[in-house]
Structures are given as C-alpha cells and as structure tokens.
Amino acid sequence: MYNIYDLRVPMLKQKKYLRLLLSFAMVVSMLPFPQAANAQDLVATEDLAGGSSVFVFRESRKRPQSRAGGGTAILGGGGSVKSSGSGKSQTVRSNAQIAAAAQKRRAAAVAARKQAAKAAANRKVTMSNTLTAKAETFLDNNQTDAAIKNYRDALIQNPKNTRASDGLSNALTAKGIEVAGDANNTAATIYFDEAVKYDKQNDVAYAKLGSIYDANGQKDMAVVSYEKAVAINPDYSLLYAPLGLKYMDSGEIAKAETCLKKSDAAGVDNVDVRFLRGLVFFKQNKNEESLAAFNQALELEGRFAEAQYYRGQLLDRTGKTEEAIASYKTTLQIDPKFTPASFELGVAYYNAGDYNNAAAAYQEVIKNDPNNYQAHANLASVYRQLERFADANASYKLASAGVTTVDLFSEWGFCLGKTNEWDKAVARLLTAKEMSPVAIDNSNLGWAYYNLANSQIAAKDTEGAKVNFALAKTYLEVAVVQDPKLDAAYLNLGSTHNSLGDFQAAVNILTTVLSFRRDWLIATNQLGMGYRGLKDFKNAVATFKRVVDLDGNNISGLFNLGETYNASGNKKEAKKINDRLRRINPLAASRLDDVLSGKVVIDAARQTVEQTIPKAPSILKRPRFPL
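Computed from a prediction, not measured in an experiment: that's the story for all the values here. (Residues numbered from 1 in each chain as written. Predicted model: local features only at pLDDT ≥ 70, side-chain atom pairs only at ≥ 80, totals over all residues. Heavy atoms only, no water.)

Okay, the overall build of the chain next. Helix and strand counts for the chain stand at 29 helices and five strands. When contacts within the chain are restricted to residue pairs at least 6 apart in sequence, long-range pairs at least 24 apart make up 60% of them. Summed over its atoms, the accessible surface of the chain is roughly 26,800 Å², and 52% of this surface lies on carbon and sulfur atoms. (Helix = DSSP H or I, 4+ residues; strand = E, 2+ residues; numbered from the N terminus. Contact = heavy atoms within 4.5 Å. Areas by Shrake-Rupley, 256 points an atom, 1.4 Å probe, with all protein chains shown as cover.)

Working definition: an aromatic ring pair is given by the centre-to-centre distance plus the angle between the planes. One pass over the structure, following the stated rule, counts 22 aromatic pairs. Between F414 and W447, the ring centres sit 6.3 Å apart and the planes meet at 25°, which makes this aromatic pair stacked. You can see F414 sitting in helix α19 (residues 406-418) and its partner W447 sitting in helix α21 (residues 439-458), a full 33 residues away along the chain. Assigned by exposure class, F414 and W447 land together as buried. Taken together, a centroid distance of 5.0 Å and an interplanar angle of 70° make the contact between W422 and W447 edge-to-face. Of this pair, W422 sits in helix α20 (residues 422-435) while W447 sits in helix α21; the two residues are 25 residues apart in sequence, bridging distant segments of the chain. By relative accessible area, W447 is classed as buried at 2%. (Phe/Tyr/Trp six-rings, centres within 6.5 Å; stacked < 30°, edge-to-face > 60°. Buried < 20%, exposed > 50% of the residue type's maximum accessible area, 1.4 Å probe, protein only.)

The N-to-C vectors of helix α27 (residues 555-567) and helix α29 (residues 586-597) enclose an angle of 10°; their axes lie 10 Å apart at closest approach. The orientation of α27 relative to α29 falls into the category roughly parallel. In this structure, the crossing between α27 and α29 has a hand that is right-handed. When α27 is examined against α29, the residues I555, F559, G562, E563 and N566 are found in contact with a partner set consisting of A588, R591, L592, V595 and L596. Looking at the contact of α27 with α29, its residues break down into six nonpolar, two polar and two charged. (Axes fitted to C-alpha atoms, helices over the stretch in contact; angles between N-to-C directions. Parallel < 35°, antiparallel > 145°, perpendicular 65-115°, else oblique. Left-handed = near helix turned anticlockwise from the far one by under 90°. Nonpolar A, V, L, I, M, F, W, Y, C, P; charged D, E, K, R; others polar.)

We now examine the confidence of the model for the chain. Fine structural detail should not be taken from predicted coordinates in areas where pLDDT scores are low. Predicted confidence across the chain gives a mean pLDDT of 83, with 81% of residues reaching 70 or more. This model gives residues 1-50 a pLDDT under 50, and the stretch forms 157 contacts once residues within four places in sequence are excluded. Long-range and interchain partners of residues 603-627, a stretch whose pLDDT sits below 50, account for 103 contacts in this model, where long-range means more than four residues apart. (pLDDT = per-residue confidence, 0-100.)

Right, let's talk about unusual backbone geometry for a bit. A positive phi is found at K460, a non-glycine position, where the angle reads about 65°. Relative to the elements of secondary structure, K460 occurs in the loop between α21 and α22 (462-482). Given the relative accessible area of 59%, K460 is considered exposed. Of note in this structure, K535 is not a glycine but carries a positive phi near 60°. Inspection of the secondary structure assignment puts K535 in the loop between α25 (521-533) and α26 (537-550).

For helix α14 (residues 321-334), spanning 14 residues, the distance from its first C-alpha to its last is 20 Å, which sits close to the expected 20 Å at 1.5 Å a residue. Those residues of α14 that sit buried are A324, I325, S327, Y328, T331, L332 and I334. (Expected span 1.5 Å × (residues − 1).)

This part covers the nonpolar core. Counting residues in each nonpolar core, the largest one holds 164 residues, and the members touching the most others are Y151, Y236, F275, L408, V513, W520 and L581. For this core, the element with the highest residue contribution is α21, accounting for ten residues. (Core = buried A, V, L, I, M, F, W, Y, C linked by side-chain atoms within 4.5 Å.)

Further remarks concern the packing of helix α16 (residues 355-368) against helix α17 (residues 373-385). Closest axis-to-axis distance for the α16/α17 pair is 9 Å, and the angle between their directions is 155°. Taken as axis vectors, α16 and α17 run roughly antiparallel relative to one another. Pair α16 / α17 crosses with left-handed handedness. Where α16 abuts α17, its residues Y355, A358, A359, Y362, Q363, V365 and I366 lie against A375, H376, N378, L379, V382, Y383 and Q385.

On to the environment of S556, then. On the secondary structure map, S556 appears in helix α27. Given the relative accessible area of 1%, S556 is considered buried. Spatially, the C-alpha atoms of S556 and F544 are 9.0 Å apart, while their sequence positions differ by twelve residues.

This brings us to helix α4 (residues 144-157). For α4, which comprises 14 residues, the first-to-last C-alpha distance of 20 Å matches the rise-based estimate of 20 Å (1.5 Å per residue) to within 8%. Buried within α4 are the following residues: T144, A147, I148, N150, Y151, A154 and L155. Buried positions along α4 lie against α3 (123-140), α5 (162-180) and α6 (189-198).

To continue, consider the pattern of salt bridges. Throughout the structure, instances matching the rule amount to 23 salt bridges. K466 is paired through a salt bridge with E463; the nearest N and O atoms lie 3.4 Å apart. You can see K466 and its partner E463 sitting in helix α22, three residues apart, about one turn around the helix. Residue class for K466 comes out buried when judged on its relative accessible area of 19%. (Salt bridge = Lys/Arg side-chain N within 4 Å of Asp/Glu carboxyl O.)

Turning our attention to the environment of A399. In this fold, A399 is placed in helix α18 (residues 389-399). Of the residues examined, A399 reaches a relative accessible area of 0% and is grouped as buried. For the pair formed by A399 and N372, sequence separation is 27 residues and the distance between their alpha carbons is 8.0 Å. With sequence-adjacent residues up to four places away left out, A399 is seen in contact with Y373, H376, A377 and L408.

Structure, rendered in structure tokens:
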C-alpha cells in the first residue's frame, strides 16, 4: 500500500488524524498543462502552473531588459565617458598648446627682470634678486631642479619678491610637465598644486592638472581645473572638448553643448570634438546625426572603443539589433575589458531570446566588474529563463547587495520555490509584498505559504502545515479583494480551501474564477476536487470530464475522473478511464489500479485535498480584464 499522510483537520478533535491520499496528487505534480504561451509572447502577467497553484510575474515572465546606456550619454554597466582611445592623442594635442602658453609666460617674465632689478635697494633684496636672476638662467636652460632651489632661496631673502614667486610658479610648472610626461603621471600634481599657490593666475598649471585628472578618471577635479584654465585663458581651444565630455558625463548637457560651440568657433576639428558632437546628438535623440558624428570620429581613430560602443547603442536604439551586436563585438575586440559593451551584448542577446550567449556576456561583465549588481540581476533572469534555478538564486543573492527592487525579490522568490526552498521563497516574497502590497504580491506570497505547507505535509509536520495554510488563505483573501479579476489569487485560494477541507468555499471561489477565465484547466481540475470532497459525484464527474474533453491527454483529469467514477460506484467506467490512462502514463494508471482495487481508500468526507508543484511547469497566459 502506498504511503498515506495524515493532516489534522480543525473541525475534528486534535487526538484524531485524518488519512490523506496523496497518490493522485503525486501524479498531478508531474503533469504538463497544455495552455502554454509562445516563448516570444510578452504579456502583462503570466503564471506558472503547478497541479494546484500558480505564480504571477509582476509584468512579464520575459520582460525585455533595458540597455545599459538607458538613452543617456553615461556609459552603462559601470564606466564613464572618455576621450578618444587611450587618451594619448588628446594628451599630445593639449600638451603642445600648454607648452606654447608656458613659453609666453617665460617671455613675459624676461621683460619683468629689468624692471625688478631697479628695485634692489638693500642687501637682502639685492641677494634675492641675484638668486632670482640665477634661477632664471637655470630655468632658461631647462635645469628645473636648480631653478626651483634658487627661487626658493630668493624668497627666503625677500618673501615679497614677486619676480621670484612668479618664477617659482613657472619652474614648478615646468617640473610638473616633466614628471607628468605623455602618460599624465599623477605624481606631477604636487608641483602644479604648489605652482598655483605662488601664482593663482597660472593657467598652464591648471590646464595640465585638468589633463592629469582627466586621464586618471578623476572627473570632478578635472572639471574644476579645466574651468579655471579656460577662465584665465580662453585661448585654450583644445580644452573645450575634454571639458565638454566631463560635462556630458555629469549630465550637464547645456554646458557640454556650449563647449562644443566654442570648439567649433575656434575651428577645432579633432576626434574628441567629433565624439562630443555625437554624444550631444545622442542625448538629443538625433539618431542619424549622432551616428554620423561617431562614424566621423572613427574615421580619424578607428580603434576608438567608446565611439564604437555608442555606435552600437544607436543601432540598437533604431532596431538594427544584428548590426548593434556586431558593433559591440568590435568594441570588445578593441578593448576586451570594456564592460559596458559586454553588458549591452547581454541585453541584446536576452531580448532576442538567445539566453546562452546572454549568460556568457553577463559573465564577462562580472569577471571584469564583480560589483556590477545590475549585471548579476540580469544574469539571474537569464538563468531563470534557462531553468537553471539554483544558479539564478545565487545570482539574485549577489545582485541584492546593490539592487533592491520589488521585481528582484519577487522573481527570486519564484526561483527559490523551484528549488523547493519554500521557507526562503516565503521570506523573499514577503519582502516583495512589503515593498509593493498589491494584489499580485499578496497572491504570490499566498502561493509560497501554500506550497510551504505542502512541503510540511510531506515531512509529516501537520501542525506547521495548518499554520501556513491559514497564512496562505489570509494573503490570498486580501489579494482577491484588491483585484477581483486576479485569476491566480482565486485559483490559489480555491486550492488552499481544498487543502483545508473547506470544499464548499473552494467550489464557490473556483466557480468565480472560471466565470471570467472559462475552461482554465488547472482551475477546472481543482473545482472537480471540491465537488469530489463534497461527495457531489455528479458534478465532480462532469467537471473532470470537461478537463478530459478539453485535453484528452490530461493525466490529472483522467486520473481524477477514474477515481471519481470508482467512488460513485461506476466501476465499469472507472476501468475504461484507467485503460485509457495506461496508454498515456502507465505509472499514473498503476496508482489508479491501487485505488480501484481497494489498496488505497479515499473517504471524501474525511479527505483534505492536496497537490504539489510540478518540476517543469508550463507557462500560462494571464489575459487582461477590463475594470
């Protein structure tokens, strides 16, 4: 005889346990349901059906993922707007202009020497002036260290020696340029910082500071330095594009556009100006103009990863998915660690239903940027689509450190249910409900409590099951009040009443849901269970026959119809149904044999109906209903 579980029913004395037949429920738990939505369908909500309960996705099981750029000029998936390529070409251009400005400052200093010499009135002043003249000679011969020492000594003799302080500012600037080199070494910043202390109008020091901060990703400090440089000396035409890119990265589009106009007015046409133009148009949704600008930037510098990346976003934005994917791949050929392009590839592949490639793309993002929480969340959704639920749960956990949306907790709760971690599923769905106490979230929480109770029945924890069935009922009752057309909530509530032995309430509720979702197989089957529990064999047979008429291969419908015929005394029809079932599923027929032979006895008056979630449920559409 098969294993029979007992569940204490509140209406009886606590000493007495009721026998519960789960054989047919175990069969139902393996059943597929035929009303599957096409994999490409995007519907408002979908539910995943088990033998007796459904989960509702808050929007769609396959809601499209958003592009990393999100329609903005800020690089998605981590990162920021950069100048062309490695930044080396910009460094060379700005360095040349900065060097020319530095030469002008030196020439001005020479003119000041003669005037300053006349002011030497005493020994210290004379000594200070002598040291200054000596320092100037060293500086003219590019002996910056000796020049700096003599300027400092001159200022010790006469702190008011402006010729020395200005010269020291120039010498420190020259030393900083030397230390910075083409790579914009950050070690040079101490020289420029000291230079502007001695001369607050040292535009060269500010300009070079801006270049160093820019090259090393210190965006805010780069902006401050660039702004000071162009305010002192508006002739720094080559600084407007880098400054504009920093403004763009901060979302200050108007300022970025002003910088672009100043670059154009100065006649500057280089890769950075073209890139900035592309970003401005991108933000203004001028797709054709933006694409043209990025293409022009790539004409000057073919391995400009950022331009290639934004070109991909524009192609993606205009529906040219295959071309966009090719552009992202080209970006990664230029810079394999350019995570925004990998992120965009993941989005494009996911939205196209190519989940394996989407997973590979997001894994690449995470390898290079482990704290990219949105990539973890998106990868979790990919694993969910691939039915790799344990992997999905691990990714949702990592994502939750930085992404705390109701959708994440809702989907995570579903995946935990799929791995039979019902206590954890309840916890995640309770979080989702607290964040969004709407009908769907209450329904899903009821779904989790219902299935947690079922798992406790299997573990023979009848007291715990009673508590959680009661909690399921509470949340599901709230859900149907909040949304009187939410079919999932009605179905789950009806199943919960069946499990509690309140068959008349189950029949009433399931009849309601079938009034606005006619012939829904899972609800129809549960309605039959309710009639069976009431010993209303006529209606039970008619209801189960309806299931079988709608789907002749529905194993649960055939099993329940055969069992009900047997309970009503119609052994002949029960045997016919079992013969039919045997051709479809011998295991289910074998279990029904035990019922028909009397090895398993179902007493409907004492029975509490129970079913479990199948391992591989189908996807059921939830249609929209008018309010």
